[in-house]
Amino acid sequence: METKNTKAFGTDAPEADLKQMTIQRRLVLPTDVEIEILYCGVCHSDLHTARNDWGWTIYPVVPGHEIVGRVINIGSEVTKFKVGDLAGVGCLVDSCQTCSSCKEGVEQYCLNGWVGTYGGHDKHLNSPTHGGYSESIVVTEGFVLKVPANLDLAAVAPLLCAGITTWSPLRHWNVGKNSKVAVVGLGGLGHMAIKLAKGLGASVTLFSRTPEKSEEAKSLGADEVIISTDDAQMASVQGKFDVIIDTVPYVHDVNPYVSTLNINGTLVMVGYLGGLEPILNTVPMILGRKKVAGSLIGGIKETQEMLDFCGEHNIVSEIEMIKMQDINAAYERLLKADVKYRFVIDMASLK
């Protein structure tokens, strides 16, 4: 397999800073699209992977799965893209394409294991995949997305993870004009959940522990803010919500939120992986046919649908632009939730 040197930023060890390095990208195969990366969003998953918080990182690793760029080369069999087109790559770059999940367009649930944009297995190079903290990427056409040209391209980047992570459950649970939706947590995921739910026509409420976030949430589209530590406010919304999108990325008590669900309502966990503490109380679930569910990013078809919707409704992420060389400082700020609401790397800084 022919390859070429590609400039990137990554790390060799969990305790090491990210630094400039050279990785190998394959030369385009007949169905490949090569993209010059213009912007790459910074996801909390990037930090977790770089520091091996989940225990599965293979080093060296180059994070980044919120990628927006311009097509600079295509394979001979590519039909959906031409050189010069805007393009995006999210969390997936491959899957088996044969299992029932892939055939249904939900490749994120591939029964044979989907391939992540970084940390996955590149079947062509027989090595780990590397992500968007790099000057270019080569991806099979079927996993490349069309980017609306009318949007701020830098602010589009986080849609490829934060956007689709919240869009997918909103669509799966049929959120629309008569829906009552609540969002737990106002961060990278939470602010997108508010924008997208509002765009779909729902009535949107933010649950927050911080009263100071009320005006911010309303400026993003929230109709109401409920302070989750205020018993009276929580009592006022018992049995109200059809769908709750829980974006909190650490262990927390979900029981108070379950009781605010309507009959048949669903609380969807999108931010936290792990056991629930304290234990989940099933009483309100059984008495009200309420559900606690999980959701993972979205398939390619669904992600394209989300991008098209955002193009039509002028929805993008709220971002802070950084240079590639500032990524280690950005990670430290990310740990403190010191960003509104998503870092995006200007990849021109890597040139």
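Heads up: the structure comes first, above all this text.
Regarding the packing of helix α4 (residues 162-172) against helix α5 (residues 188-199)
Stage number 1. With their axes 8 Å apart at the nearest point, α4 and α5 run at an angle of 50° to one another. Taken as axis vectors, α4 and α5 run oblique relative to one another. Taken as a pair, α4 and α5 cross one another with a handedness that is right-handed. For the pair α4 and α5, the contacting residues are Ala 162, Gly 163, Thr 165, Thr 166, Trp 167 and Leu 170 in the first and Gly 188, Leu 189, Met 192, Ala 193, Leu 196 and Ala 197 in the second.

Description of the nonpolar core
Stage number 1. If you look at the biggest cluster of nonpolar residues, it comprises 90 residues, and the most contacted ones within it are Val 42, Tyr 133, Val 156, Ile 194 and Ile 327.
Stage number 2. In terms of residue count, α5 provides more of this core than any other element does, six residues in total.
Stage number 3. Residues contacting Val 156, with those up to four places away along its chain left out, are Val 68, Val 147, Leu 151, Leu 307 and Val 316.
Stage number 4. Residues Ala 182, Ile 244, Val 254 and Tyr 257 belong to the second largest nonpolar core, which totals 17 residues.

What to know about the sheet that holds strand β12 (residues 180-184)
Stage number 1. Spatial strand order, β14-β13-β12-β15-β16-β17: six strands in an open sheet with parallel pairing. Two strands bound the open sheet, and with one partner strand each, they are β14 (224-227) and β17 (291-294). Taking the axes of each pair of neighbouring strands and ignoring which way they run, one obtains an average angle of 25° across the sheet.

Observations regarding the pairing of strand β4 (residues 67-74)
Stage number 1. Bridge analysis of strand β3 (residues 32-41) against β4 gives seven bridges, and the strand direction is antiparallel. Considered in β4, the bridge of Tyr 39 is made with Val 68.
Stage number 2. In the sheet, β4 pairs with strand β5 (residues 86-89) via four bridges, with the strands oriented antiparallel. Note that in β5 the partner of Gly 69 across the bridge is Ala 87.

Regarding the packing of α4 against helix α10 (residues 300-313)
Stage number 1. Direction vectors running N to C along α4 and α10 enclose 100°, while the axes themselves pass 10 Å from each other. Taken together, the axes of α4 and α10 lie roughly perpendicular to each other. Each of Gly 163, Ile 164, Trp 167, Ser 168 and Arg 171 in α4 lies in contact with α10, whose residues at this interface are Glu 302, Thr 303, Glu 305, Met 306 and Phe 309.
Stage number 2. Partitioning the contact of α4 with α10 into residue classes produces four nonpolar, three polar and three charged.

Examining the state of the cysteines
Stage number 1. Under the criterion given, the structure shown has zero disulfides.
Stage number 2. Cys 96 takes part in no disulfide bond, and the closest cysteine sulfur, belonging to Cys 110, lies 3.6 Å away.
Stage number 3. The class for Cys 96 is partly exposed, based on a relative accessible area of 24%.
Stage number 4. Left unpaired, Cys 99 is separated from the closest cysteine sulfur, that of Cys 96, by 3.7 Å.
Stage number 5. Overall, the relative accessible area of 7% leaves Cys 99 in the buried class.

Some details on α10
Stage number 1. Between the first and last C-alpha of α10 there are 20 Å, a value that for 14 residues agrees with the 20 Å anticipated at 1.5 Å per step.
Stage number 2. Burial in α10 covers these residues: Ile 300, Glu 302, Thr 303, Gln 304, Met 306, Leu 307, Phe 309, Cys 310 and Gly 311.
Stage number 3. Just downstream of α10, Asn 314 is the residue with a positive phi angle, here 55°.

Observations regarding empty space enclosed by the protein
Stage number 1. One pass over the structure, following the stated rule, counts two cavities of 30 Å³ or more.
Stage number 2. What the largest cavity holds in volume is close to 220 Å³.
Stage number 3. If you list the elements that add at least two residues to the lining of the largest cavity, you get β2 (19-26), β6 (92-94), β8 (121-122), β9 (127-128) and β10 (136-140).
Stage number 4. Here the lining of the largest cavity takes four residues from β10, the largest share from any one element.

A closer look at the layout of surface pockets
Stage number 1. Each pocket or cavity is described by its volume, and for the second largest pocket that value is around 190 Å³.
Stage number 2. Contributing to the lining of the second largest pocket are Val 106, Gln 108, Tyr 109, Ser 168, Pro 169, Arg 171, His 172, Trp 173, Gly 294, Ser 295, Glu 302 and Glu 305.
Stage number 3. Secondary-structure elements contributing two or more residues to the lining of the second largest pocket are α4 and α10.
Stage number 4. At four residues, α4 tops the list of elements feeding residues into the lining of the second largest pocket.

So, unusual backbone geometry
Stage number 1. Here Tyr 59 and Pro 60 are connected by a cis peptide whose omega angle stands at -5°.
Stage number 2. Residue Tyr 341 follows Lys 340 across a cis peptide bond; omega there is -10°.
Stage number 3. Here the phi dihedral of Gln 97 falls at roughly 70°; this positive angle occurs in a residue that is not glycine.
Stage number 4. Summarising the element assignment, Gln 97 is placed in the loop between β6 and α2 (100-103).
Stage number 5. A positive phi angle, near 50°, is found at Arg 289, a position not held by glycine.
Stage number 6. Positionally, Arg 289 belongs in the loop between α9 (283-288) and β17.
Stage number 7. By relative accessible area, which is 59% here, Arg 289 ends up exposed.

Criteria and thresholds
- Residues numbered from 1 in each chain as written.
- Predicted model: local features only at pLDDT ≥ 70, side-chain atom pairs only at ≥ 80, totals over all residues.
- Heavy atoms only, no water.
- Axes fitted to C-alpha atoms, helices over the stretch in contact; angles between N-to-C directions.
- Helix = DSSP H or I, 4+ residues; strand = E, 2+ residues; numbered from the N terminus.
- Parallel < 35°, antiparallel > 145°, perpendicular 65-115°, else oblique.
- Left-handed = near helix turned anticlockwise from the far one by under 90°.
- Contact = heavy atoms within 4.5 Å.
- Core = buried A, V, L, I, M, F, W, Y, C linked by side-chain atoms within 4.5 Å.
- Buried < 20%, exposed > 50% of the residue type's maximum accessible area, 1.4 Å probe, protein only.
- Pairing = 2+ DSSP bridges.
- Nonpolar A, V, L, I, M, F, W, Y, C, P; charged D, E, K, R; others polar.
- Disulfide = S-S within 2.5 Å.
- Expected span 1.5 Å × (residues − 1).
- 1 Å grid on protein atoms, 1.4 Å probe; cavity = no way out; pocket = protein on both sides within 12 Å on 5 of 7 lines; lining within 4 Å.
- Points joined across faces, edges and corners; volume = space filled by probe spheres on them.

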